[in-house]
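Listed here are the chains, written in short residue letters.
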Amino acid sequence: MDISVVVPLYNEAESLPELCAWIERVMDQNHFSYEIIFVNDGSTDNSWNVIRDLSAKNPYVKGVAFRRNYGKSPALNTGFARAKGDVVITMDADLQDSPDEIPALYKMIVDDGYDLVSGYKQKRYDPLSKTIPTKLFNATARKVSGIKNLHDFNCGLKAYRLKVVKHIEVYGDMHRYIPYLAKLAGFSRIGEKVVHHQARKYGKTKFGLNRFVHGYLDLATLWFTGKFGGKPMHFFGLWGSLMFILGFIAVAVVGFSKLYNMYHGNPYILVTDSPYFYLALTLMLLGSQLFLAGFVGELVARNSSRRNDYEIDEELRID
């Protein structure tokens, strides 16, 4: 099979027939073998019945229905688990992503050798309250992830080599960082394509400004787990040791200052009357706690059943 199209959706009953017909038309014009996987994320409207009707008319249309709303990441992960095409295309169900982009995205994966291609909505039909935070979010994501050629990490229109979606786990709200997840899994050939963005035709957006707050927290989580997930002592132990050493030096300075003044007959105060003593003590306590946190993290990592679960790309027979 050439292409699997994975479409996560929540309350998009009105747009589904038009989207499905559009995808079918593009596939037939380019002679692609395909499947369309609609993942209904607990919709409360008629979306699932629409998907049933579409599947009855076209055997290449498949559907998965969640019992309740879990979010876009679980919906994508479920679609990825069921995808069988050599190239997997994801797009939103609101008709803002154009299926006409599919042939070019497919070519970039198959002919140009990319592992993942992310769409870039250079001209957006969104309000400033959405576009300005999006630019700041993407700038931060580029800096942290090191994927400097992407301008729109969260674009729903993406293309993947099949092995990419089988080797990443999209959970929580991590769909915003799928390129970063792919990079952490060893897929470094990540490209971008300018795609057409359309104004929403039906319904209203399902995303609020709180996603930007959650997005930065998720980015920090990904950065930490990707860099120190297998070696927590390298982070906690380092910073804990530095804080303890600084605190110890500060205590020594306070104590030495008192002894010096006593020896030379200068006025002096008790060590416990100095605010610097308590600041130094706090540093030593925090440093000790961080060091112990790193130690506990190492014990957890060493006892994990997946501590040696490495992603192997290919393997030749060894005699």
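Located above this text is the structure these notes cover.
What comes next is a walk through the structure. (Residues numbered from 1 in each chain as written. Predicted model: local features only at pLDDT ≥ 70, side-chain atom pairs only at ≥ 80, totals over all residues. Heavy atoms only, no water.)

## A short note on the overall build of the protein chain
Phase 1: The secondary structure content of the protein chain amounts to ten helices and seven strands.
Phase 2: The buried share among the 319 residues of the protein chain stands at 42%.
Phase 3: Nonlocal contacts in the protein chain, meaning residues at least 24 apart in sequence, comprise 79% of its contacts between residues at least 6 apart. (Helix = DSSP H or I, 4+ residues; strand = E, 2+ residues; numbered from the N terminus. Buried < 20%, exposed > 50% of the residue type's maximum accessible area, 1.4 Å probe, protein only. Contact = heavy atoms within 4.5 Å.)

## Focus on the side chain of Asp97
Phase 1: Looking at where Asp97 falls in the secondary structure, it is placed in the loop between β4 (87–90) and α4 (102–110).
Phase 2: A distance of 2.9 Å separates the side chain of Asp97 from the backbone nitrogen of Asp92, its partner in a polar contact.
Phase 3: Of the polar contacts made by the side chain of Asp97, one reaches the side chain of Lys121; its length is 3.4 Å.
Phase 4: Sequence-distant contacts of Asp97, defined by excluding residues within four places in its chain, comprise Met91, Asp92, Lys121, Gly156, Leu157 and Gln198. (Polar contact = N/O pair within 3.5 Å; in protein donor to acceptor, adjacent residues only side chain to side chain.)

## Remarks on the packing of aromatic side chains
Describing an aromatic ring pair means giving the distance of the ring centres and the angle of the ring planes.
Phase 1: Counting across every chain of the model gives seven aromatic pairs.
Phase 2: For the ring pair Phe80 and Tyr160, a centre distance of 5.4 Å and an interplane angle of 65° mean the geometry is edge-to-face. With Phe80 in helix α3 (residues 72–82) and Tyr160 in strand β6 (residues 158–161), the pair connects residues that are 80 residues apart, well separated along the chain. No difference in accessibility class separates Phe80 from Tyr160, as the two residues are buried.
Phase 3: Ring geometry for Phe277 against Tyr278: centres 5.2 Å apart, planes inclined by 80°, an arrangement best described as edge-to-face.
Phase 4: A residue is classified by how much of its surface remains accessible, and Phe277, at 17% relative accessible area, is buried.
Phase 5: Judged by relative accessible area, which is 43%, Tyr278 ranks as partly exposed. (Phe/Tyr/Trp six-rings, centres within 6.5 Å; stacked < 30°, edge-to-face > 60°.)

## Examining the pattern of salt bridges
Phase 1: Throughout the structure, instances matching the rule amount to seven salt bridges.
Phase 2: Close ionic contact of Lys62 with Glu35 constitutes a salt bridge, the shortest N to O distance being 2.6 Å. Taken together, the positions of Lys62 in strand β3 (residues 61–65) and Glu35 in strand β2 (residues 34–40) put the pair 27 residues apart, joining distant regions of the chain.
Phase 3: Of the charged contacts, one joins Asp115 and Arg189 as a salt bridge, the two residues approaching to 3.0 Å between their closest N and O atoms. Of this pair, Asp115 sits in the loop between α4 and β5 (116–120) while Arg189 sits in the loop between α7 (178–184) and β7 (190–194), and the two are 74 residues apart along the sequence.
Phase 4: On the basis of relative accessibility, which here comes to 3%, the residue Asp115 falls in the buried class.
Phase 5: Owing to a relative accessible area of 48%, Arg189 belongs among the partly exposed residues under this scheme.
Phase 6: Residues participating in the shared-partner salt-bridge network are Asp115, Arg161 and Arg189. (Salt bridge = Lys/Arg side-chain N within 4 Å of Asp/Glu carboxyl O.)

## Things to note about the nonpolar core
Phase 1: Counting 35 residues, the largest nonpolar core has Val5, Phe38, Ile89 and Met91 as the members making the most contacts within it.
Phase 2: Of all the secondary-structure elements, those providing two or more residues to this core are β1 (3–9), α1 (16–29), β2, α2 (47–57), β4 and α4.
Phase 3: With sequence-adjacent residues up to four places away left out, Met91 is seen in contact with Val5, Val6, Val7, Pro8, Leu19, Ile23, Asp97, Ser98, Pro99, Ile102, Gly156 and Leu157.
Phase 4: Grouped together as the second largest cluster of nonpolar side chains are 31 residues, Val6, Val88, Ala141 and Leu150 included. (Core = buried A, V, L, I, M, F, W, Y, C linked by side-chain atoms within 4.5 Å.)

## As for the sheet that holds β1
Phase 1: In space, the seven strands of this open sheet follow the order β3-β2-β1-β4-β6-β5-β7, with mixed pairing throughout. With one partner strand each, in any of the chains shown, β3 and β7 form the two edges of the open sheet. The mean angle between the axes of side-by-side strands here comes to 20°, regardless of whether they run parallel or antiparallel.
Phase 2: Here β5 runs beside β7; their pairing, made up of five bridges, is parallel. In the sheet register, Ser118 faces β7, and the bridge partner there is Glu192.
Phase 3: The sheet contacts of α1 involve β1, β2 and β3, and relative to β2 the element is tilted by about 160°.
Phase 4: Packing against the sheet, α4 makes contact with β1, β4, β5, β6 and β7, and its axis sits at approximately 140° to β4. (Pairing = 2+ DSSP bridges. Axes fitted to C-alpha atoms, helices over the stretch in contact; angles between N-to-C directions.)

## Concerning the pairing of β2
Phase 1: For β2, the tally of buried residues reaches seven of seven residues, placing the bulk of the element in the interior.
Phase 2: Between the parallel elements β1 and β2, the chain passes through α1 in a crossover that is right-handed.
Phase 3: For β2 and β3, the ladder comprises five bridges, and the chain directions are parallel. Residue pairing for β3: Ile37 is matched across the bridge by Lys62. (Right-handed = clockwise from strand over helix to strand, strands pointing away.)

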